[in-house]
Structures are given as C-alpha cells and as structure tokens.
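Chains, contacts and geometry: an overview
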Amino acid sequence: MKTQNIYFTIASLRSLLIQMVFTINAIYYVVNANLNPLQLVLIGTIMETTIFLFEMPTGLVADHFGRKRSLFIGTLIVGFAHVLEGIFPSFWSIAIASGLWGVGWTFISGAEEAWIADELEGKNLDFIFLKGAQFESFGQFLGIILSVCIAVLFSVKVSIITAGAMLILLAFAILFFMPETKFLKVTRMKDVSAIRHLVRTIRAGTKQIHGNTMLVSIAMITIFSGLASEGFDRLWGAHFIEDFHISEEKSIYWFGSFYATTFLLNIVVLHFVERRFKKNYPFVLFVTNSFLIIMILIFAFSSNFLFAVITYLLASTLRKIHYPLMSIMINERLESKGRATALSMFGQLDAIGQIAGGPIIGTLALYTTLANGLAYSTILILPILFFLFHMLRGKD
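Values in this document were obtained by computation on a predicted structure and should not be read as measured data.

**What to know about helix α10 (residues 213-243)**
- With 31 residues, α10 extends 44 Å between its outermost C-alpha atoms, agreeing within 8% with the 45 Å of an ideal straight helix rising 1.5 Å per residue.
- Of all the bends found along α10, the most pronounced is centred on Leu-235 and spans about 40°.
- Counting buried positions along α10 yields 24 of 31 residues, so the element is predominantly enclosed.

Take a look at the structure:
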C-alpha cells in the first residue's frame with residue numbers, strides 16, 4: 001500500500017471512531033451526566049489545559065523517538081479516555097477522561113502531519129492534506145451512522161465505549177503496520193542536559209516561526225481561533241436541547257443528521273477549494289470567516305428551529321475549512337528536522353486560546369443565556385479577519 005494511502009486510511013479510521021463519540025457526547029453530557037453550561041465548557045478547558053502542558057513534551061517525543069511511536073501512544077490513550085467517560089457518566093470522570101484525551105491528542109497532533117510530510121519529502125502537501133481532510137470527512141460520516149445505529153439499538157453509553165475500544169485496536173494496528181523510513185531523529189549532544197536540550201529544541205522551533213512573517217500571522221490567527229472555538233464547540237448542542245426542547249431520543253437522530261450533512265458539505269466544499277483556489281488560501285479563509293460570524297449570530301438568536309438548523313450547518317461547514325488550509329500553509333514553511341516540535345507550538349497556541357476563551361464564554365452563558373455565550377465567540381473572530389486581510393495585502 002502506498003504511503004499516502006496508509007495516511008488516508010489511518011486518518012479516516014481514527015476520525016470515524018472519534019466521530020462516533022463526538023456525534024452523541026453532547027447528548028451524553030447534558031442528558032446522562034446532567035452538566036450545566038459552565039461544566040460543559042470546563043470539560044473543554046480541562047482538555048485544552050492538558051494539551052497546552054503536554055504539547056511540547058510530546059512533540060519532542062515524536063522528534064526523538066519517531067512519529068509512529070507517538071501516534072501509537074496517543075491513539076491508545078484517547079481510546080482509554082473514551083472507555084472511561086462512557087463507563088462513568090459524572091462530571092469528574094468525564095473531566096478526568098477529557099484530561100487524558102488532551103494528553104493523548106498531543107501525541108497525535110503534529111506527529112501525523114510530520115510523518116507524512118517526511119515520508120513524501122514535503123512534496124504535494126496541498127493535495128495530501130486537502131485529500132486527507134476529505135477522507136477524514138468521509139470517515140466521520142460513517143462514524144455518524146455507526147454512532148446513531150448503536151445509540152438507537154443499545155444506548156449512547158455503549159456507542160462511546162465501543163468507539164474507545166476500537167481506538168485501542170487501531171493503536172496496535174499503527175504500531176505494527178505503519179512504515180517509517182524518512183524519519184530524521186533530533187539528537188542530543190552528550191554534554192548537554194535534557195532540560196537544556198529541550199530549551200534548545202524549543203528555541204529552534206520558535207526561530208522557524210519567528211523567521212517567517214506568514215507563520216507569525218498564522219500563529220496569531222491560531223490563538224484567536226482557539227479563543228473563538230471553545231464556546232461554539234461546547235454550547236451548540238445544549239442550545240438545541242434546552243432552547244428548542246429536543247428529547248434524548250429525537251436528539252440522537254437530529255444530531256446524527258447535523259453531523260452527516262456537515263461532513264458531506266465539507267467534502268464538496270474542500271473539493272471545490274482544491275480545484276479553484278490553489279495557493280490562494282488566505283482569501284478563502286477571509287471569506288469563510290466573514291460568513292462564519294454572520295451564521296453564528298443568526299444561529300444563536302434564531303427562534304425558528306429550521307432556521308437554526310440551516311445556520312448551524314453552514315457555520316459548522318465553514319469552520320471545517322479552516323484547519324486543513326492552515327495545515328497546508330504551516331507545513332509548507334517548516335523544515336523537516338524538528339517539524340513536529342514546531343507544529344506542537346501551534347497546538348499550544350490554539351490551546352492557550354481555548355483555555356482563556358472557554359471559561360469566559362461558559363460563565364457568560366451560565367449567568368445570561370446560551371445564545372449570548374454563542375454570540376460572544378463571534379467578537380473573537382474579528383482579529384482573525386484583520387490578520388488575514390493583512391496577509392492579503394502582501395505585508396505577510
């Protein structure tokens with residue numbers, strides 16, 4: 001099997017299994033675990049805090065011991081985290097599982113992108129990442145169907161536990177079947193301590209970013225994207241369940257339909273972007289983020305269920321365009337040696353944004369309304385438009 005096909009397979013399978021959880025975890029958190037708006041956002045804050053704390057160390061693991069080992073460890077931990085949250089429907093068990101999920105994801109974040117970029121020697125990355133995003137969307141679509149079927153036949157809890165167990169199996173498949181032939185190990189000199197070597201590696205990654213004005217702008221966009229995303233991610237499900245009074249049984253079908261439609265739209269939109277807007281990604285991101293602000297505001301304050309559904313679907317589709325395009329722009333400007341560590345820095349910036357933005361939005365939603373919490377996130381998208389406009393003017 002070609003290396004790129006292995007990448008597509010692993011990425012799509014993991015997306016399928018994680019989507020099995022994400023399709024119904026909003027229902028699980030609100031109905032089964034009875035979490036309030038602040039607790040919903042705190043779950044995300046705990047996850048992002050662990051990502052912030054572990055992103056750099058795990059990035060170094062990928063650069064020192066190999067991307068394959070890092071992906072194995074990360075997928076294994078994420079699998080165990082989902083099993084844990086599925087078995088115990090309480091705030092504290094879900095909080096612990098979220099922390100473990102964050103740790104596991106840091107082993108995956110950056111390592112997978114660095115692996116495929118190394119194996120292909122940096123060639124055709126725009127095609128690989130856009131095509132990979134389409135495969136992930138297809139995997140997520142199948143994950144939605146599986147999740148809904150299992151939740152209807154058994155329960156939401158069984159769907160979550162099943163996905164976790166299958167992720168554990170995927171981790172061992174990665175360990176035994178994933179090739180790694182172009183990995184360049186970042187070595188430590190004998191007379192340099194581990195801490196000093198860590199500092200040097202971080203400085204080298206920082207220098208890569210600081211030395212490229214486009215990467216500096218992308219770094220700022222990453223921070224504000226994190227600030228804006230946490231509120232929407234954690235509150236949209238509660239907005240539908242509580243403000244439109246959807247029952248648990250109906251919400252399984254509705255949420256499954258939401259995700260399925262979103263990912264089908266995402267496949268179509270990414271294919272269109274790949275064919276029509278090669279290399280002009282700042283323009284695409286400026287347009288999509290501008291429309292995103294409008295869609296989130298309409299979704300937050302609409303009292304009409306059908307109108308809320310349409311604007312939610314459009315907002316979700318627009319948000320999913322952001323990440324593959326950012327990955328292309330970042331990876332095309334990073335050197336192979338130390339790539340995972342530099343990518344981890346972007347992961348940390350995103351985590352910083354979500355750690356800071358989540359509790360503020362959650363507290364606002366708790367003491368006012370869910371609609372206000374969702375609407376607040378749009379203010380944090382405005383700086384993203386500024387930096388993208390700056391890039392379009394040719395100053396970055």
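Still more ground to cover, so stick around.
**Some remarks on the pattern of salt bridges**
- For the structure on display, the rule yields two salt bridges.
- Glu-112 is paired through a salt bridge with Arg-14; the nearest N and O atoms lie 2.7 Å apart. Of this pair, Glu-112 sits in helix α6 (residues 111-119) while Arg-14 sits in helix α1 (residues 3-22); the two residues are 98 residues apart in sequence, bridging distant segments of the chain.
- On the accessibility criterion, Glu-112 (8% relative accessible area) is buried.
- Residue classification places Arg-14 among the buried residues on the basis of a relative accessible area of 5%.
- Close ionic contact of Asp-233 with Arg-319 constitutes a salt bridge, the shortest N to O distance being 2.9 Å. One end of the pair, Asp-233, is in helix α10; the other, Arg-319, is in helix α13 (residues 305-331), with 86 residues separating them in the sequence.

**Focus: the confidence of the model for the protein chain**
- Looking at the protein chain as a whole, its pLDDT mean stands at 82, while 87% of the residues score no less than 70.
- No element of the protein chain has a lower mean pLDDT than helix α9 (residues 194-210), at 59, and none a higher one than helix α8 (residues 156-177), at 93.

**Structural notes on empty space enclosed by the protein**
- Here the structure, examined in full by the defined rule, presents two cavities of 30 Å³ or more.
- Reported here for the second largest cavity is a volume of approximately 170 Å³.
- Considering the residues around the second largest cavity, the lining is formed by 15 residues, among which Ser-225, Asn-289, Leu-292, Arg-319 and Ile-381 are closest to the centre.
- Those elements that provide at least two residues to the lining of the second largest cavity are α10, α12 (281-301) and α13.
- Here the residues of the lining of the second largest cavity are counted per class, giving eight nonpolar, six polar and one charged.

**Observations concerning α1**
- Helix length check: α1, at 20 residues, gives a terminal C-alpha distance of 28 Å against a target of 28 Å (1.5 Å per residue), a fit within 8%.
- α1 sits mainly inside the fold: 14 of its 20 residues count as buried.

**What about a nonpolar patch on the surface?**
- A cluster of nonpolar side chains, Leu-306, Phe-307, Ile-310 and Leu-314, forms an exposed patch at the surface whose accessible area comes to about 380 Å².
- Within the secondary structure, Leu-314 sits in helix α13.
- Given the relative accessible area of 39%, Leu-314 is considered partly exposed.

**Side note on the nonpolar core**
- Counting residues in each nonpolar core, the largest one holds 116 residues, and the members touching the most others are Ile-218, Phe-240 and Leu-325.
- Top element by residues in this core is α10. It accounts for 14 residues.
- In this structure Ile-218 touches Met-326, Met-329, Ile-330, Phe-346 and Met-391, once residues within four positions along its chain are discounted.

**Comments concerning the environment of Ala-165**
- Mapping Ala-165 onto the fold places it in helix α8.
- Among the residues examined, Ala-165 registers a relative accessible area of 37% and is labelled partly exposed.
- For the pair Ala-165 and Leu-76, spaced 89 residues apart in sequence, the C-alpha to C-alpha distance is 9.3 Å.

**As for the packing of aromatic side chains**
- Applying the stated criterion across every chain, the model contains 30 aromatic pairs.
- With a centroid separation of 6.4 Å and 65° between ring planes, the pair formed by Trp-236 and Phe-258 is classed as edge-to-face. In this pair, Trp-236 is assigned in helix α10 and Phe-258 in helix α11 (residues 248-276), connecting sequence segments 22 residues apart.
- For Phe-258, a relative accessible area of 2% translates into the label buried.

What counts, and at which threshold
- Residues numbered from 1 in each chain as written.
- Predicted model: local features only at pLDDT ≥ 70, side-chain atom pairs only at ≥ 80, totals over all residues.
- Heavy atoms only, no water.
- Helix = DSSP H or I, 4+ residues; strand = E, 2+ residues; numbered from the N terminus.
- Expected span 1.5 Å × (residues − 1).
- Bend = angle between axes of the 7 residues up to and from the residue.
- Buried < 20%, exposed > 50% of the residue type's maximum accessible area, 1.4 Å probe, protein only.
- Salt bridge = Lys/Arg side-chain N within 4 Å of Asp/Glu carboxyl O.
- pLDDT = per-residue confidence, 0-100.
- 1 Å grid on protein atoms, 1.4 Å probe; cavity = no way out; pocket = protein on both sides within 12 Å on 5 of 7 lines; lining within 4 Å.
- Points joined across faces, edges and corners; volume = space filled by probe spheres on them.
- Nonpolar A, V, L, I, M, F, W, Y, C, P; charged D, E, K, R; others polar.
- Patch = residues over 30% accessible without salt bridge, like charges linked within 9 Å, V, L, I, M, F, W, Y side chains within 5 Å.
- Areas by Shrake-Rupley, 256 points an atom, 1.4 Å probe, with all protein chains shown as cover.
- Core = buried A, V, L, I, M, F, W, Y, C linked by side-chain atoms within 4.5 Å.
- Contact = heavy atoms within 4.5 Å.
- Phe/Tyr/Trp six-rings, centres within 6.5 Å; stacked < 30°, edge-to-face > 60°.

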